[in-house]
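Here's the letter readout for the chains.
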Amino acid sequence: MSSEYKGHLRKMKTGFDGGVRYWLKLDSEIVAEITQLVGQRMELTWTGGINCVNCGKSIKKTFGEGFCYDCFSNAAAASPCIIRPELCEAHLGKGRDVTWEQENHNQPHFVYLAQTNGIKVGITRESNIPSRWLDQGAWKAIVFAKVPYRRLAGEIEVELKQYISDRTDYRKMLTNMRGDENMVELAITLGSFLPSHLQGYLLRDQKLHEFEYPVLQYPQAVNTIKLESEPFIDSTLMGIRGQYFLFEDGRALNIRKYSGYEVGFRF
């Protein structure tokens, strides 16, 4: 092992150039392209420290994805409409932080269909394609609709959730279970179910996107790692999918879940 890094975990940066690529991010710095380390031995140590990803203060536990309780309750980046976009009021000039809402939520959004194991519906800003799909571990995806602001995307998502899920079964995704549904045909069918006032946002020419992940071997069953009970990991990295590290013994670590945790890496 020749490389060492230390800092607070953040969601991995993703990229796609025919294959999915990942970069390890600690605090605000991208420190290594982790894709190149698949197949190698690595050590990860949690120091026991946690700092809020928003305000930086030392905390004992996180809320949401790395927030202290105060930031989870008050910060714009943790507002309820992150999870429930149908509640968003950015287009009305409202929100926890109006400037942040205008920059992030009063912007064009896509409603998409993604296949991780089964087909799910989701939404994201236009600028987050395809990174949103890669974060979820999707192997197929299409854009379903384009809207001018977040609230409308949430309304479409609510309608579609009557017919398909809005969640990823991470265990099935990490064992590479794949359905064989025709996404383009399904999109046409689902579009016909929308109320008339939302059908004008549908995209009629859907392009199917497909992704392959840097995984040498998928496990038959997944055992997720909890850093609180296992602060030291010494194992071979067998692959990365979504925001998960896959290790040789079938264990998986959700990097995004531990945003704000202070860790050390050795490769």
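Predicted, not measured: the structure shown is a model, and the values here were computed from it. (Residues numbered from 1 in each chain as written. Predicted model: local features only at pLDDT ≥ 70, side-chain atom pairs only at ≥ 80, totals over all residues. Heavy atoms only, no water.)

## So, the overall build of the chain
Argument step 1. Looking only at helices and strands, the chain features 7 helices and 14 strands.
Argument step 2. Rg of the C-alpha trace for the chain: 19 Å, near the compact-globule value of 18 Å for 267 residues, within the 12% margin.
Argument step 3. Considering only C-alpha atoms, the chain reaches an extent of 60 × 40 × 30 Å along its principal axes.
Argument step 4. Here the chain, with 267 residues, has 48% of them falling under the buried criterion.
Argument step 5. Summing over all exposed atoms, the chain offers an accessible surface of approximately 12,900 Å²; the carbon and sulfur share of this is 46%.
Argument step 6. Charge-centre separation for the chain: the mean point of 33 positive side chains lies 3 Å from the mean point of 32 negative side chains. (Helix = DSSP H or I, 4+ residues; strand = E, 2+ residues; numbered from the N terminus. Rg over C-alpha atoms; globule rule 2.2 N^0.38 Å. Buried < 20%, exposed > 50% of the residue type's maximum accessible area, 1.4 Å probe, protein only. Areas by Shrake-Rupley, 256 points an atom, 1.4 Å probe, with all protein chains shown as cover. Lys, Arg positive; Asp, Glu negative; His and termini not counted. Charge placed at Lys NZ, Arg CZ, Asp CG, Glu CD.)

## Quick look at the sheet that holds strand 8 (residues 140-147)
Argument step 1. Ordered in space as 7-6-8-9, the 4 strands form an open sheet in which the pairing is antiparallel. Both edges of this open sheet fall to strand 7 (119-125) and strand 9 (209-210), since each of them pairs with a single strand only.
Argument step 2. Note that strand 6 (residues 109-115) and strand 8 share 7 bridges and pair antiparallel. Bridge assignment links Val-111 to a residue of strand 8, and that residue is Ala-145.
Argument step 3. Its contacts with the sheet put helix 4 (residues 150-160) on strand 6, strand 7 and strand 8, and the angle it makes with strand 7 is roughly 175°.
Argument step 4. Those strands touched by helix 6 (residues 183-193) are strand 6, strand 7 and strand 8, and its axis lies near 30° from that of strand 8. (Pairing = 2+ DSSP bridges. Contact = heavy atoms within 4.5 Å. Axes fitted to C-alpha atoms, helices over the stretch in contact; angles between N-to-C directions.)

## A short note on the pairing of strand 13 (residues 251-254)
Argument step 1. Of the two faces of strand 13, both are covered, the one formed by Arg-251 and Leu-253 as well as the one formed by Ala-252 and Asn-254.
Argument step 2. Of the pairings in the sheet, the one linking strand 10 (residues 223-224) to strand 13 comprises 2 bridges and is parallel in character. Counterpart to Thr-224 in the pairing with strand 13 is Ala-252.
Argument step 3. Alignment of strand 12 (residues 244-247) against strand 13, held across 3 bridges, turns out to be antiparallel. The residue bridging Phe-245 from the neighbouring strand is Leu-253, located in strand 13.
Argument step 4. The antiparallel pairing of strand 12 with strand 13 creates a hairpin that spans 3 residues between the two strands, and Gly-250 there sits at a positive phi of about 85°.

## Here's the deal with the packing of aromatic side chains
Argument step 1. According to the stated counting rule, one finds 13 aromatic pairs in the structure shown.
Argument step 2. Between Phe-245 and Phe-247, the aromatic rings sit 6.2 Å apart at their centres with planes inclined by 90°, giving edge-to-face as the arrangement.
Argument step 3. By relative accessible area, Phe-245 is classed as buried at 0%.
Argument step 4. Members of the aromatic cluster, connected to one another through ring pairs, are Tyr-5, Phe-245, Phe-247, Phe-265 and Phe-267.
Argument step 5. Of note, Lys-13 hangs over the ring of Trp-23, and the distance from its end group to the ring centre comes to 4.6 Å.
Argument step 6. Geometry around Trp-139 places Arg-178 over its ring, the cationic atom sitting 4.3 Å from the centre. (Phe/Tyr/Trp six-rings, centres within 6.5 Å; stacked < 30°, edge-to-face > 60°. Lys NZ or Arg CZ within 6 Å of the ring centre and 35° of its normal.)

## What to know about the pattern of salt bridges
Argument step 1. For the coordinates displayed, the defined rule picks out 17 salt bridges.
Argument step 2. A salt bridge links Asp-17 to Arg-21; the shortest N-O distance between them is 3.1 Å.
Argument step 3. We classify Asp-17 as exposed; its relative accessible area is 52%.
Argument step 4. Judged by relative accessible area, which is 27%, Arg-21 ranks as partly exposed.
Argument step 5. Of the charged contacts, one joins Arg-251 and Glu-230 as a salt bridge, the two residues approaching to 1.9 Å between their closest N and O atoms. Placement of the pair is Arg-251 in strand 13 and Glu-230 in the loop between strand 10 and strand 11 (232-241), with a sequence separation of 21 residues. (Salt bridge = Lys/Arg side-chain N within 4 Å of Asp/Glu carboxyl O.)

## Regarding the pairing of strand 4 (residues 29-33)
Argument step 1. Strand direction decides the pairing type here: strand 3 (residues 20-26) and strand 4, joined by 4 bridges, are antiparallel. Paired with Leu-26 across the two strands is Glu-29, which belongs to strand 4.
Argument step 2. What sits between the antiparallel neighbours strand 3 and strand 4 is a turn of 2 residues, in which Asp-27 has the positive phi angle 55°.

## Some thoughts on unusual backbone geometry
Argument step 1. Here the amide bond leading from Ile-129 into Pro-130 is cis, since omega sits at 5°, within 30 degrees of zero.
Argument step 2. Structurally, Pro-130 can be placed in the loop between strand 7 and helix 3 (131-136).
Argument step 3. Positive phi values are uncommon outside glycine, yet Asp-27 reaches one of about 55°.
Argument step 4. Looking at where Asp-27 falls in the secondary structure, it is placed in the loop between strand 3 and strand 4.
Argument step 5. Located in the positive-phi region is Asn-176, a residue other than glycine, with phi close to 65°.
Argument step 6. Tracing the backbone shows Asn-176 in the loop between helix 5 (170-174) and helix 6.

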